[in-house]
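The primary structure of each chain is shown beneath.
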Amino acid sequence: MARKVVFSGVQPSGGLTIGNYIGAIKNFVDLQDSYDCYYCIVDLHAITIPQVPKDLRKNTLEVLATYLASGLDPKKCTLFIQSHVEAHAELTWVLNSISYMGQLNRMTQYKEKSRKSEENLNAALFTYPVLMAADILMYQTEFVPVGDDQKQHLELARDLAERFNNRYSETFKVPEPLIQQFGARIMDLQNPGDKMSKSNQNENSYILMLDDPDTIRRKIRRAITDSIGEVIYTDDQPGIKNLMNIYNAFSGDSIDAIEDRYRGLGYGKFKDDVAEVIISGLKPIQERYIELMDNKDYLETVYRQGAEKAQFTAMKTLRKVYRKVGFIQK
Ligand code: ATP
Ligand code: LTN
């Protein structure tokens, strides 16, 4: 029997944080043995925020190398660059025609990002979630592993699939988000009310997957906690709760076990250990990453083969969609 499809994407918009790793990439790896997985580097999405062309090219290869270094295996899953499969942009256009402005206007990510660049708002930022829906629906995706912040976009993808199916007859599978219980929203180390984000101006607010050990130790030591002094998993202590989620993701130890281990020990020892589990979790990834970035030919083979495979599946969906909306076959 054919395996169920998983699709997800990461933007090549800068260095990846441990939020991207814990909320997304780490789970991609766990799914590749049981599902037919497509993992994309979404460069079309990245240009919704102004990018320097040569940095975008570099960041795109870096995300691919990070995927591979984290354990994604091109023999098991399809790794590709979004702009290499033109059908993504084409399906977006069709889905735009059934998207309501009102619903797009309610997207919180759009509201937040547009607030930051009120002057020169571009139309692509507004239709960003429609492109994301096209990515997902293109592959008849069952599950979409993402961080908590993407829930609303997934809801839109589901709505568009249902609307298209109702209007033109059954065409798309209606996808489900796959959001984990812990670590689905890693918070800003300096302001644990906000999501950890690579686009934050203050570099102490995030840890990059490529940060060196001393930087990681320094950033964790500076992470904002509270004056309660107990390592307990509660919303009243958002800084500590966040560090516990990070510890859990890198060590595999349960939240209960972490509470037990640090009972009565205060924050100093806990923070030192959080830094060490991050460092040892990232070490093999960082080593492999350096080797991969040195082997551009291999990266090129991976993304070329990935695009070829993705293209084949994508064209099947796009042809069906074009036929259903009434375009004449070429
Ligand atoms: P930015 O923070 O710059 O707006 P982003 O990191 O949210 O960008 P992507 O790189 O496309 O955007 O995110 C890739 C994946 O990482 C998504 O599934 C997203 O939900 C997840 N992710 C991003 N930040 C976090 C976080 N702080 N905690 C958990 N998951 C996250
Ligand atoms: N919008 C997502 C990235 C993304 C994505 C996707 C995730 C683009 N297309 C398809 C899952 C499925 C973000 O995390 N910022």
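Residues numbered from 1 in each chain as written. Chains lettered and ligands numbered in written order. Predicted model: local features only at pLDDT ≥ 70, side-chain atom pairs only at ≥ 80, totals over all residues. Heavy atoms only, no water.

Draft legend 1. Quick peek at the pairing of strand S1 (residues 5–10). Counting buried positions along S1 gives 5 out of 6 residues, so the element sits mostly inside the fold. As judged from the 6 bridges shared by S1 and strand S2 (residues 36–41), these two strands associate in the parallel manner. Along S2, the bridge assignment pairs serine 8 with tyrosine 39. What joins S1 to S2 is helix H1 (residues 18–31), and the crossover it makes is right-handed. (Buried < 20%, exposed > 50% of the residue type's maximum accessible area, 1.4 Å probe, protein only. Helix = DSSP H or I, 4+ residues; strand = E, 2+ residues; numbered from the N terminus. Pairing = 2+ DSSP bridges. Right-handed = clockwise from strand over helix to strand, strands pointing away.)

Draft legend 2. Representation of the nonpolar core. Of all hydrophobic cores here, the largest spans 61 residues; its most connected members are Tyr39, Tyr67, Ile246, Phe270 and Ile278. The element contributing the most residues to this core is helix H12 (residues 267–293), with 12 residues. Here isoleucine 246 is in contact with Ile18, Ile22, Ile186, Leu189, Val274 and Ile278, once residues within four sequence places are set aside. (Core = buried A, V, L, I, M, F, W, Y, C linked by side-chain atoms within 4.5 Å. Contact = heavy atoms within 4.5 Å.)

Draft legend 3. Broad picture of the pairing of strand S3 (residues 78–81). Alternating residues of S3 divide into Thr78 and Phe80 and Leu79 and Ile81, and every residue in both groups is buried. Bridge count between S2 and S3: 4 bridges; the pairing is parallel. In the sheet register, tyrosine 39 faces S3, and the bridge partner there is leucine 79.

Draft legend 4. Expanded view of the pattern of salt bridges. What the rule picks out here adds up to 20 salt bridges. A salt bridge links lysine 54 to aspartate 55; the nearest nitrogen and oxygen atoms lie 3.9 Å apart. Residue lysine 54 is classed as exposed on the basis of its relative accessible area, which comes to 58%. If you follow the salt bridges from partner to partner, you end up with Asp148, Lys151 and Arg185 in one network. (Salt bridge = Lys/Arg side-chain N within 4 Å of Asp/Glu carboxyl O.)

Draft legend 5. Up close: the site of ligand 2. Gln11, Tyr128, Met132, Asp135 and Gln150 are the nearest of the 13 residues found near ligand 2. Here a nitrogen atom of ligand 2 and a side-chain polar atom of tyrosine 128 are 2.7 Å apart. Aspartate 135 has a polar side-chain atom sitting 2.7 Å from a nitrogen atom of ligand 2. Taken by itself ligand 2 offers 370 Å² of open surface, and the protein chains cover 91% of this. Looking at the shell around ligand 2, the elements that each hand over two or more residues are S1 and helix H7 (123–138). The element contributing the most residues to the shell around ligand 2 is H7, with 4 residues. The residue inventory of the shell around ligand 2, partitioned by class, reads 7 nonpolar, 5 polar and 1 charged. (Near = heavy atom within 4 Å. Polar contact = N/O pair within 3.5 Å; in protein donor to acceptor, adjacent residues only side chain to side chain. Areas by Shrake-Rupley, 256 points an atom, 1.4 Å probe, with all protein chains shown as cover. Nonpolar A, V, L, I, M, F, W, Y, C, P; charged D, E, K, R; others polar.)

Draft legend 6. Summary view of the site of ligand 1. Taken together, 21 residues are adjacent to ligand 1, and Asp149, Ile186, Lys195, Ser197 and Lys198 come closest. Serine 199 places a polar side-chain atom, nitrogen or oxygen, 3.0 Å from an oxygen atom of ligand 1. Here ligand 1 has 610 Å² of accessible area as a free molecule, and 94% of this is covered by the chains. Mapped onto the shell around ligand 1, the elements with two or more residues apiece are S1 and H1. Among the elements that make up the shell around ligand 1, the one with the highest residue count is H1 (4 residues).

Remember, this is a structural readout, not a statement about activity or role.
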